[in-house]
Amino acid sequence: PSPNLKKNNDNLFKAFVFDIIKDKYDGVIFFVKILNGIAEKNKKIKFDNIDQMDKDFYRIEQVGVNTPKKKYRDKLFSGEIGWIIVKIKDLKIRSGDLILDYDFVNDSIRKENGIKKENFFSNVYCNFFPISNTNFSNLKKSLEDLNVKDSSFSVSVTDSRILGSGFTCGFS
């Protein structure tokens, strides 16, 4: 894009992620509200928490809406609510994050759209330990899925001499 377009973010794609699911066939599906621009197949995108990602851009694989069945579309326009499929192996995006056009350059995007995403400090903590170590990976996957869906939930691995490996979970 031209340097003038990069300075004017009004034309660039922005979407607010309000839910995420993992589908065994499609991979990760982001349910979004398009704040600006157009979502379409092969569009280069990045996430507002890009420092957590293992690469600097992704491509949109599919877009669509639920009517209530999944319906594929060529494009989603500003103001529409739908879903976006992106090939991501390590899911570190959470509900409340933004998906941005790859050429987006403004760091104050949340202020522009009145979106408040707080880093929640947990007020309540608890530890979870599996009954046996063979259940550790199942518990880890379940807690990671919950962590993606609920931004007020945090989880980290902990060890106990008596109980073995487990998780410290925080709730806001």
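Residues numbered from 1 in each chain as written. Predicted model: local features only at pLDDT ≥ 70, side-chain atom pairs only at ≥ 80, totals over all residues. Heavy atoms only, no water.

Participant: Quick rundown of the pattern of salt bridges? Include the residues and the values.
Facilitator: Scanning all chains against the criterion turns up 4 salt bridges. Asp145 is the partner of Lys141 in a salt bridge, and the nearest nitrogen-oxygen pair spans 3.2 Å. A residue pair is termed a helical-turn pair when its members lie 3 or 4 positions apart in one helix, as Lys141 and Asp145 do in helix α3 (residues 136-149) at 4 residues. Of the residues examined, Lys141 reaches a relative accessible area of 47% and is grouped as partly exposed. For Asp145, a relative accessible area of 25% gives the class partly exposed. (Salt bridge = Lys/Arg side-chain N within 4 Å of Asp/Glu carboxyl O. Helix = DSSP H or I, 4+ residues; strand = E, 2+ residues; numbered from the N terminus. Buried < 20%, exposed > 50% of the residue type's maximum accessible area, 1.4 Å probe, protein only.)

Participant: So what's going on with the nonpolar core? Which residues, and what values?
Facilitator: Counting residues in hydrophobic clusters, the biggest one holds 22 residues, and the most contacted among them are Phe13, Phe30, Ile84 and Ile99. Looking at this core, the elements that each hand over two or more residues are β1 (14-23), β2 (27-36), β4 (44-47), β5 (58-66) and β8 (81-86). Core analysis: the second largest hydrophobic core is formed by 5 residues, Phe136, Leu143, Phe167 and Cys169 among them. (Core = buried A, V, L, I, M, F, W, Y, C linked by side-chain atoms within 4.5 Å.)

Participant: Tell me about the pairing of β4, residues and numbers included.
Facilitator: Both β4 and β5 contribute to a ladder of 2 bridges, which runs antiparallel. In the sheet register, Ile45 faces β5, and the bridge partner there is Tyr58. (Pairing = 2+ DSSP bridges.)

Participant: Before we move on, can you summarise unusual backbone geometry with the specific residues and values?
Facilitator: At the junction of Thr67 and Pro68, the peptide bond is cis and its omega measures out at -5° in the coordinates. Relative to the helices and strands, Pro68 resides in the loop between β5 and β6 (70-73).

Participant: Talk me through the packing of aromatic side chains; I want residue IDs and the actual numbers.
Facilitator: Scanning the entire structure with this criterion turns up 5 aromatic pairs. Relative to Phe47, the ring of Phe30 has its centre 5.6 Å away and its plane inclined at 45°; by these criteria the two rings are tilted. Pair noted here: Phe30 is in strand β2 and Phe47 is in strand β4, with a separation of 17 residues, a long-range link. Of the two residues, Phe30 and Phe47, both sit in the buried class. Pairing Phe47 with Tyr58 gives two aromatic rings, centres 5.6 Å apart and planes at 70°, and the pair type is edge-to-face. With a gap of 11 residues between them, Phe47 in strand β4 and Tyr58 in strand β5 connect regions that are remote in the sequence. (Phe/Tyr/Trp six-rings, centres within 6.5 Å; stacked < 30°, edge-to-face > 60°.)

Participant: Outline α3, listing residues and values.
Facilitator: Compared with an ideal rise of 1.5 Å per residue, which puts 14 residues at 20 Å, α3 spans 20 Å between its outermost C-alpha atoms and is within 8% of the ideal. Packed against the buried residues of α3 are β1, β11 (153-160) and β12 (164-171). (Expected span 1.5 Å × (residues − 1). Contact = heavy atoms within 4.5 Å.)

Participant: Please provide a residue-by-residue account of the sheet that holds strand β10 (residues 124-128), values included.
Facilitator: Strand order in the open sheet formed by 3 strands is β10-β12-β11, and the pairing between neighbours is antiparallel. Two strands close off the open sheet at either side, each with one partner strand: β10 and β11. Geometrically, the sheet is characterised by an average inter-axis angle of 25° between neighbouring strands, direction not taken into account. Across 5 bridges, the pairing between β10 and β12 is antiparallel. Counterpart to Val124 in the pairing with β12 is Phe171. (Axes fitted to C-alpha atoms, helices over the stretch in contact; angles between N-to-C directions.)

Participant: Lay out a nonpolar patch on the surface in plain terms, naming residues and giving numbers.
Facilitator: A surface patch of nonpolar side chains, amounting to about 240 Å² of accessible area, comprises Val124, Phe128 and Phe171. On the secondary structure map, Val124 appears in strand β10. (Patch = residues over 30% accessible without salt bridge, like charges linked within 9 Å, V, L, I, M, F, W, Y side chains within 5 Å. Areas by Shrake-Rupley, 256 points an atom, 1.4 Å probe, with all protein chains shown as cover.)

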